[in-house]
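# Summary of structural features
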Amino acid sequence: MSDPSSPDLFTLTERHGPLVIAAPHVGTYLPPDIAARLNPVGLSVMETDFHVHRLYDFAAELEATTLFATHSRYVVDLNRDPHSSPLYPGMFETGLCPLSDFDRNPIYLEGQEPSLAETEQRRFQYWFPYHARLEEVLEATRQRHGFALLIDAHSIRPSIPLLFDGALPDLSFGADSGRTLPPMVIEALQGWMQRTTDWTSVLDGRFKGGFTTRGHGRPEDHIYALQIEIVQSCYLDMNDPTRFDPQRARPLSQTLKPLLETLISAAKQAN
């Protein structure tokens, strides 16, 4: 049964610049029928990319279109391959409909995990509408400007031993080993990384981009994509990551704006 209080699957704000910012993991909403089957770990939705979209509060100034998911990644992971093909073969990762958190703690009550049929239903109900709308937005942007630049916005806990050893750089950029950006944009990004000393960064390190970046980034069609993965302690108090402090987050937001301006300029030249 549908929930009349359920929010739309995503919030879309369309503007007319060449930049599109998508955040597939910022949602926290759990449909009641799914929430009733989750254990306390699942109900906590602690693998949310809490407030990462708010770091891009300058989007209107850049005339950037934004697409932000509202539902939790525990409903369906919008950044996974729709057929659950691994992003990083041989490494642990959660699936299209996660059964655990990143520490491999189960998120469902025993015996309440989704069946294959339910996974298929969620794929069509939640996954496909998001990506279809994103593709429409990117195509409209490309038609308008001759190219589109997609930023896939993410954040991550500072320590997840099953995903990575030790500490990540503050900013992890993913371009699928250079496949989703033209060389001129990659060079501009690398130049920015060398000039920027306030934050540590890496390109195509542990995270090379999930499905959003790899699936929508097609330089040959003038649709460029970059995943930006931010360590949450750079802008959140990890004692309560659900709380957003604009003052604490401001320095990082002020760093991201000139970065995206640099990438837009390079993308225009590449086009």
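Description of the structure in this document.

Reading the values: the criteria
Residues numbered from 1 in each chain as written. Predicted model: local features only at pLDDT ≥ 70, side-chain atom pairs only at ≥ 80, totals over all residues. Heavy atoms only, no water. Phe/Tyr/Trp six-rings, centres within 6.5 Å; stacked < 30°, edge-to-face > 60°. Buried < 20%, exposed > 50% of the residue type's maximum accessible area, 1.4 Å probe, protein only. Helix = DSSP H or I, 4+ residues; strand = E, 2+ residues; numbered from the N terminus. Lys NZ or Arg CZ within 6 Å of the ring centre and 35° of its normal. Pairing = 2+ DSSP bridges. Axes fitted to C-alpha atoms, helices over the stretch in contact; angles between N-to-C directions. Contact = heavy atoms within 4.5 Å.

## Some words on the packing of aromatic side chains
- In the structure shown here, the tally under the stated rule is 9 aromatic pairs.
- A centroid spacing of 6.0 Å and a plane angle of 50 degrees characterise the contact between Tyr56 and Phe58, whose relative ring orientation is tilted.
- Under the relative-accessibility criterion, Tyr56 is labelled buried at 2%.
- Here Phe58 falls in the buried class, since its relative accessible area comes to 3%.
- For the ring pair Phe164 and Phe207, a centre distance of 6.4 Å and an interplane angle of 80 degrees mean the geometry is edge-to-face. Residue Phe164 is located in the loop between strand E4 (148–156) and strand E5 (171–174), and its partner Phe207 is located in the loop between strand E6 (201–203) and helix H5 (211–216); the two are separated by 43 residues in the primary sequence. Each member of the pair, Phe164 as well as Phe207, carries the same accessibility label: buried.
- Through pairs of rings, three or more aromatic residues link up here, namely Phe124, Trp127, Phe128 and Phe211.
- Sitting over the face of the ring of Tyr88, Arg206 holds its NZ or CZ atom 4.9 Å from the ring centroid.

## Observations concerning unusual backbone geometry
- Backbone geometry at Arg104 places phi at a positive 65 degrees, although glycine is not the residue there.
- Positive phi outside glycine occurs at Ser177, with the angle close to 55 degrees.
- Tracing the sequence through the fold places Ser177 in the loop between E5 and helix H4 (183–195).

## Observations regarding the sheet that holds E5
- Here 7 strands make up an open sheet; going across it, the order is E1-E3-E2-E4-E7-E5-E6 and the pairing mixed. Each having just a single partner strand, strand E1 (10–13) and E6 make up the two edges of the open sheet. Neighbouring strand axes in the sheet, compared pairwise and without regard to direction, differ in orientation by 15 degrees on average.
- By the bridge criterion, 4 bridges tie E1 to strand E3 (residues 65–69) in an arrangement that is antiparallel. Across the sheet, residue Leu12 finds its bridge partner in E3, namely Leu67.
- In the packing of helix H3 (residues 116–145) onto the sheet, contacts are made with E1, strand E2 (19–23), E3, E4 and strand E7 (223–231), and the angle to E2 comes to roughly 170 degrees.
- The sheet contacts of helix H6 (residues 246–270) involve E2, E4, E5 and E7, and relative to E7 the element is tilted by about 160 degrees.

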